[in-house]
Amino acid sequence: MADGRAPAKFGEVKRSVESTKKRKKGLGDFTRWSLQGKTALVTGGTRGIGVPSICRVVEELLALGAAVHTCTFNEAELNERLKDWHARGCRVTGSVCDVSMKEQREHLVRDVACQFGGKLDILVDNAGICIRKSAMEHSAEEYSIVMATNLEPAYHLSLLSHPLLKASGSGSIVFISSIAGVVALFSGPIYGMTKAGMNQLAKNLACEWAKDNIRINSIAPGYISTSLTEGVFSNKELRDNILSRAPLRRAGEPEEISSIVAFLCMPGSTYTATRSGRACCPGSRAGCAAGFEPQAVIREFELARHWDIAVILCVVLAV
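Parameters at a glance
Residues numbered from 1 in each chain as written. Predicted model: local features only at pLDDT ≥ 70, side-chain atom pairs only at ≥ 80, totals over all residues. Heavy atoms only, no water. Salt bridge = Lys/Arg side-chain N within 4 Å of Asp/Glu carboxyl O. Helix = DSSP H or I, 4+ residues; strand = E, 2+ residues; numbered from the N terminus. Buried < 20%, exposed > 50% of the residue type's maximum accessible area, 1.4 Å probe, protein only. Contact = heavy atoms within 4.5 Å. Pairing = 2+ DSSP bridges. Axes fitted to C-alpha atoms, helices over the stretch in contact; angles between N-to-C directions. Core = buried A, V, L, I, M, F, W, Y, C linked by side-chain atoms within 4.5 Å. pLDDT = per-residue confidence, 0-100. Phe/Tyr/Trp six-rings, centres within 6.5 Å; stacked < 30°, edge-to-face > 60°. Lys NZ or Arg CZ within 6 Å of the ring centre and 35° of its normal.

Okay, the pattern of salt bridges next. For the coordinates displayed, the defined rule picks out ten salt bridges. Taking the shortest distance from any N to any O, the salt bridge between Arg56 and Glu255 comes out at 3.8 Å. In this pair, Arg56 sits in helix α2 (residues 56-63) while Glu255 sits in helix α10 (residues 254-265), placing the two residues 199 residues apart along the sequence. Residue Glu255 is classed as partly exposed on the basis of its relative accessible area of 24%. Taking the shortest distance from any N to any O, the salt bridge between Arg88 and Glu59 comes out at 2.8 Å. Here Arg88 is found in the loop between α3 (75-87) and β3 (92-96), whereas its partner Glu59 is found in helix α2, with 29 residues between them in sequence.

Its location among the elements puts Ser177 in the loop between β5 (171-176) and α7 (189-208). Take Ser177: its relative accessible area is 3%, and that puts it in the buried class. Contact partners of Ser177, with chain neighbours within four places excluded, come to Lys195, Met198, Asn199, Ser218, Ile219, Ala220 and Pro221.

Read across the open sheet, the six strands follow the order β3-β2-β1-β4-β5-β6; overall the sheet is parallel. Among the strands making up the open sheet, the edge pair consists of β3 and β6 (214-219). Recorded for the sheet is a direction-independent mean angle of 15° between the axes of neighbouring strands. Sheet topology places strand β1 (residues 39-43) next to strand β2 (residues 67-72); five bridges connect them, and they run parallel. Across the sheet, Ala40 pairs through a bridge with Val68, a residue of β2.

Assignment of secondary structure puts Val96 in strand β3. When its relative accessible area of 43% is taken as the criterion, Val96 is described as partly exposed. Val96 sits twelve residues away from Leu108 along the chain, and the two C-alpha atoms are 8.7 Å apart.

To continue, consider the nonpolar core. Judged by nonpolar contacts, the single largest core of 29 residues is most densely connected at Leu61, Val68 and Val124. Put simply, the parts of the chain that give this core at least two residues each are β1, α2, α3, β4 (122-125), β5 and α10. For this core, the leading source of residues is α10, giving six residues.

Turning our eyes to something else, we now look at helix α5 (residues 140-150). All of the buried residues in α5 are Glu142, Val146, Met147, Ala148, Thr149 and Asn150. For α5, the elements touching its buried residues are α4 (102-115), α6 (152-168) and α7.

Any segment with low pLDDT has predicted coordinates that should not be analysed in fine detail. Predicted confidence across the protein chain gives a mean pLDDT of 77, with 73% of residues reaching 70 or more. Per-residue pLDDT, averaged within each element of the protein chain, yields its smallest value for strand β8 (residues 300-302) (33) and its largest for α6 (97). Considering only residues more than four positions removed or in separate chains, one finds that residues 50-54, a stretch of pLDDT under 50, has 19 contacts. Scored below 50 in pLDDT, residues 275-319 makes 123 contacts in the model with residues more than four places away or belonging to other chains.

Right, let's get into the packing of aromatic side chains. Enumeration over the complete set of coordinates arrives at one aromatic pair. The interplanar angle of 15° and the centroid separation of 6.4 Å between the aromatic rings of Trp33 and Phe263 together place this pair among those described as stacked. Residue Trp33 is located in the loop between α1 (5-23) and β1, and its partner Phe263 is located in helix α10; the two are separated by 230 residues in the primary sequence. Its end group placed over the ring of Phe233, Arg239 keeps NZ or CZ at 5.8 Å from the ring centre.

What follows is the structure, encoded as structure tokens:
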């Protein structure tokens, strides 16, 4: 990278994990905080929250020891990222895939199954598109594009990956949703609708697939500093309005999301199943999910650096 930050951070994380194991040997099982030997599929791995200039989600998983396969529809962008990662000795592969296309999703998962020997530990759904228009301005074609890119792949890729995740013995799915699926923002109603659907999908699958040792978590960030939000923040009035609602008075950074993704994929979080909740300030409480109370005891953790990133993890006690 031109600024040199990402490669240093990648190496720093690896050295930190190794040195910590040496210093603390015998004091605990530090493999709980490692992804060594794990396999991961990250969609949309070269843009959006995953990358301001290089994919943070992919790099976070790589730094912790996982072997990663990522995909994007932009072949030139993919090749550029892969070249950089391979030059640094990373165990990462990639393929061109438009996740809005059913056939390409099926081909993607078949490739991943062959590459990882019929097993998959981690699925991160990071692909998405936002067309910022009012309800009356959206065309029928735009509606179909947003639905086909944001919501359908989350559902279909989860179904396709289920046998692989189950075969791993401890699978983890992480949806990159949005706070726009919880409250009304400037992102348009169709985008918000797809993210709300993703949040609900996470709740249902978390209940259905717990018996298969597959956990589903949904992360609902607000505005994150990436190339995709540059247009929003170029409008000073809009930017000031957004940041005035954040206790930290700033947008989130990609690494503040990717670190949460990594935690949710680690063995140290294997007793968590999730629902995405409403936006909340740090220290506030959110209500329990209807339908869980008769069968589970739920503890909620609200990991919020500012008002518009809410991750509510439910620790479900087996009955």
